[in-house]
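# Structure assessment
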Amino acid sequence: RLSHRSNCCCFCMMSLLRGCLLLTIAAAASAATAVTETVANDTQDVLITNLIHWLRANGSFINEKLQIRHINPDDPTSPRGVFALKPLEEGETVCNIPWDLMIEPSKNSVVVEENESLDCGTINAVIEELSKSETEMTPYGKYLLSQPRGYTLGFWSNEGKELFWEMTNAEKLPPIWIEDSLEEWEEECDGDVENEDHVFAVMLVKARADYQYLVPFYDMMNHNNGKTNVAHKYDPYKGDPIDKTGYEMVTSKPIMAGEELYNSYNHCTICQHYYDWFGTPEMFLHFGFVEGYPQRWLFDFARVKFDLDWKDGDEGTGEVVVDFLVPPSKKGMDLLKNEFDRLEKFGQKREEQSSYGEVPEYELKSLWEYYDALSGALHYALESNATLVDDVWSMGEGWWVKDGTLAAEDVSEHCIRQWNENSNDEL
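Residues numbered from 1 in each chain as written. Predicted model: local features only at pLDDT ≥ 70, side-chain atom pairs only at ≥ 80, totals over all residues. Heavy atoms only, no water.

## Quick word on the overall build of the protein
When helices and strands are tallied, the protein shows 10 helices and 13 strands. Burial statistics for the protein: of 427 residues in total, 52% are counted as buried. As presented, the protein carries roughly 19,200 Å² of accessible surface, and 47% of it is formed by carbon and sulfur atoms. (Helix = DSSP H or I, 4+ residues; strand = E, 2+ residues; numbered from the N terminus. Buried < 20%, exposed > 50% of the residue type's maximum accessible area, 1.4 Å probe, protein only. Areas by Shrake-Rupley, 256 points an atom, 1.4 Å probe, with all protein chains shown as cover.)

## Thoughts on the environment of Leu298
Assignment of secondary structure puts Leu298 in strand E11 (residues 295-299). Sequence-wise, Leu298 and Pro281 are 17 residues apart; in three dimensions their C-alpha atoms are separated by 8.6 Å.

## Here's the deal with the pattern of salt bridges
A full pass over the atoms with the stated rule returns 18 salt bridges. Two residues, Lys206 and Asp119, come together in a salt bridge whose shortest N-O distance is 2.6 Å. On the criterion of sequence distance, the pair formed by Lys206 in helix H6 (residues 196-208) and Asp119 in the loop between strand E6 (93-97) and helix H2 (120-130) is long-range, its members being 87 residues apart. According to the relative accessible area criterion, Lys206 is buried, its value standing at 3%. Residues Glu179 and Lys161 are paired through a salt bridge, measuring 3.1 Å at the closest nitrogen-oxygen approach. (Salt bridge = Lys/Arg side-chain N within 4 Å of Asp/Glu carboxyl O.)

## Digging into the pairing of E6
Within E6, 4 of the 5 residues are buried, leaving the element largely enclosed by the surrounding structure. Summarising the sheet, strand E3 (residues 61-62) and E6 pair through 2 bridges and their orientation is antiparallel. Pairing of Ile62 across the sheet is with Cys95, part of E6. Strand direction decides the pairing type here: E6 and strand E9 (residues 247-251), joined by 4 bridges, are antiparallel. Bridge assignment links Cys95 to a residue of E9, and that residue is Met249. (Pairing = 2+ DSSP bridges.)

## Concerning the packing of helix H8 (residues 330-347) against helix H10 (residues 361-382)
It is at 10 Å that the axes of H8 and H10 come closest, and there the two elements cross at 145 degrees. The handedness of the crossing between H8 and H10 comes out as left-handed. Of the residues in H10, those in contact with Met333, Leu336, Lys337, Phe340, Leu343, Glu344, Phe346 and Gly347 of H8 are Leu367, Trp368, Tyr371, Leu374, Ser375, Leu378, His379, Ala381 and Leu382. (Axes fitted to C-alpha atoms, helices over the stretch in contact; angles between N-to-C directions. Left-handed = near helix turned anticlockwise from the far one by under 90°. Contact = heavy atoms within 4.5 Å.)

## Side note on the packing of aromatic side chains
Following the criterion strictly, the structure yields 22 aromatic pairs and no others. On the numbers, 5.3 Å between centres and 80 degrees between planes, the contact of Trp368 with Tyr371 is edge-to-face. Of this pair, Trp368 and Tyr371 both sit in helix H10, 3 residues apart, which is roughly one turn of the helix. Relative accessible area serves as the criterion here: at 8%, Trp368 is assigned to the buried category. Taking relative accessible area as the criterion, Tyr371 reaches 8% and is therefore assigned buried. Joined through ring pairs, the aromatic side chains of Trp156, Phe164, Phe284, Trp297, Phe299, Phe306, Phe324 and Tyr370 make up one cluster. Geometry around Phe83 places Arg69 over its ring, the cationic atom sitting 3.6 Å from the centre. The side chain of Lys331 reaches across the aromatic face of Trp393, ending 4.1 Å from its centre. (Phe/Tyr/Trp six-rings, centres within 6.5 Å; stacked < 30°, edge-to-face > 60°. Lys NZ or Arg CZ within 6 Å of the ring centre and 35° of its normal.)

## Examining the layout of surface pockets
Taken as a whole, the second largest pocket spans an internal volume of roughly 380 Å³. Looking at the second largest pocket, it is lined by 17 residues, and the ones nearest its centre are Phe155, Trp156, Leu182, Val193 and Val199. Elements that contribute at least two residues to the lining of the second largest pocket include exactly helix H4 (158-167), helix H5 (180-187) and H6. Within the lining of the second largest pocket, the residues separate by chemical class into 7 nonpolar, 3 polar and 7 charged. (1 Å grid on protein atoms, 1.4 Å probe; cavity = no way out; pocket = protein on both sides within 12 Å on 5 of 7 lines; lining within 4 Å. Points joined across faces, edges and corners; volume = space filled by probe spheres on them. Nonpolar A, V, L, I, M, F, W, Y, C, P; charged D, E, K, R; others polar.)

## Digging into the environment of Glu369
Summarising the element assignment, Glu369 is placed in helix H10. For Glu369 and Val290, which are 79 residues apart along the polypeptide, the C-alpha to C-alpha distance reads 7.0 Å.

## What to know about the confidence of the model for the protein
Overall, the predicted model of the protein reaches an average pLDDT of 84, with 80% of residues at or above 70. Low pLDDT, under 50, characterises residues 2-24; the stretch is placed with 138 contacts to residues that sit more than four places away or in other chains. (pLDDT = per-residue confidence, 0-100.)

## Here's the deal with the sheet that holds strand E12 (residues 304-310)
Across the sheet, 3 strands lie side by side as E11-E12-E13; this open sheet has antiparallel pairing. Strands with a single pairing partner mark the edges of an open sheet, and in this sheet they are E11 and strand E13 (320-324). Across the sheet, the axes of successive neighbouring strands diverge by a mean angle of 25 degrees, strand direction being ignored. Those strands touched by H10 are E11, E12 and E13, and its axis lies near 75 degrees from that of E11.

## Quick notes on H6
Look at H6: 18 Å from first C-alpha to last across 13 residues, which is about the 18 Å you get at 1.5 Å a residue. Among the 13 residues that make up H6, 10 are buried, leaving the element largely enclosed by the rest of the structure. Buried residues of H6: Val199, Phe200, Ala201, Val202, Met203, Leu204, Val205, Lys206, Ala207 and Arg208, and no others. (Expected span 1.5 Å × (residues − 1).)

## Comments concerning the nonpolar core
With 70 residues, the main nonpolar core has Val94, Ile97, Phe217, Tyr247 and Leu261 as its most contacted residues. Of all the elements, H6 adds the most residues to this core, at 8 residues. With sequence-adjacent residues up to four places away left out, Val94 is seen in contact with Phe61, Ile62, Asn63, Leu66, Phe217, Met221, Val230, Met249, Val250, Thr251 and Leu261. Counting residues in each nonpolar core, the second largest holds 36 residues, with Leu173, Leu285, Trp310 and Leu374 among its members. (Core = buried A, V, L, I, M, F, W, Y, C linked by side-chain atoms within 4.5 Å.)

Take a look at the structure:
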C-alpha cells in the first residue's frame, strides 16, 4: 500500500474494517452460483456483500475459501479481517482484481511533469467517484464513502495535532511531517483543503492506495509483519507488467482453516525500498494504528535505529528483545534518555487531566496508544545494556541505510530528517 513520490515517500493504506457480526464469502460448486452471505443486516455487511458480488460479476477472482468477519467474533465492535474457511496451500490465489475495477489517477487531472508521481490524479479520481449519484456510484465507491473520517493523524483536529506535537517535542520524536499530506494536496495539486469531502478523499488515498491505485477487496487484508502469509504475485523490481494481468495476491505459506490472512504494509514484496526506514511511527501516521511486534524505530536526532520483537518471535515468552540495526553511541543514548524523561512528564497528563478541551475522544485514545508504544520503545532501548561506540557520528546522512538494500540506491526518496549534532535544529 504505497503512495510513491519522487521526493519523499509517504505510504498508504489501511485495513480499517468496521461493522457487525460475520460476512462470509461463500461459493457453490459452480462459480455461476457463487453467493455472499451475511448473518446480520448491518450496513457494512450489505456494502461488502454488494462489493463482492460486483467484483465477481465483473471478472474478479476471490477465493471461495475466504470469509470476512470480526477479528473477535464475540465483539461486534472489533475490526474485521479476511480469514480462511478452509486450508489454503502455499501459492494459492487469494484474489485477482481486474485493473478496470480499481480507482486509478483521473485523466482530467493536470499535474506538472515533475509531480506526476504524486497522488493528485488518484485523489481527484476518488473525488469524482464519491461525487456520483447513488445509482451511478460503484459498490466500491459506496464502501469507501462509508469509511470513518479523520482517523489518521494528519487529518485530526487542530487541537489533537497540537497535543501530539507537544508529546513528540515538535516532531523531534517520530513521526514527522504530519501535515505533509494536506500541504501537498494544496500546494502541489492545487487542491481545496477547506472542502471536507476533498480532504476525506485525500485521507482515503493516503491510507488505502497501492502506489496510485485503490484496489477493492485487497485493501481489506490487515497488517502483521510477524504473521505475513500473503504476497503480490508480480515483482515490480523485475519489470513484471503489473497492469496487464490483474492485481493478484497469493498465499506465501500454507494457511490453516480459521487463520487470518495478513499482508505487510511496509515489508511487502512490492515495497522493498521502504524496508529501512518505514517503521512503527510511520505506520501510525499513515494508517492510524499502533502495530504489534515486531516494530521498527528510527530516531534521527540521536542516530539510533532498532527493532523490537518477542524473544524467538514467540509472544508466549513474555520477553521483548532489542536488535540495534546500527551500533548505538553514548551520545545517542543520552539524547534518547533526555527525551524519555520529558515524555514521562508529559505522560502524567493522563492521570492529572480529565479534559483536553476540544480534542475528540478517538484522537485521545489513539494518542495514548501511541504514547505507550513510543515510551515503551525508548525504555527497552535504554535498558538494553548494548555496547556503545561512536562510529555512527562519523557516518554520512545515510547512516541508517543498510548496505546492499534497494534503499541505498536513492536516499532522497526516504522521509528522514537530518538533525544538527550540536543543537535541536534541523540541518
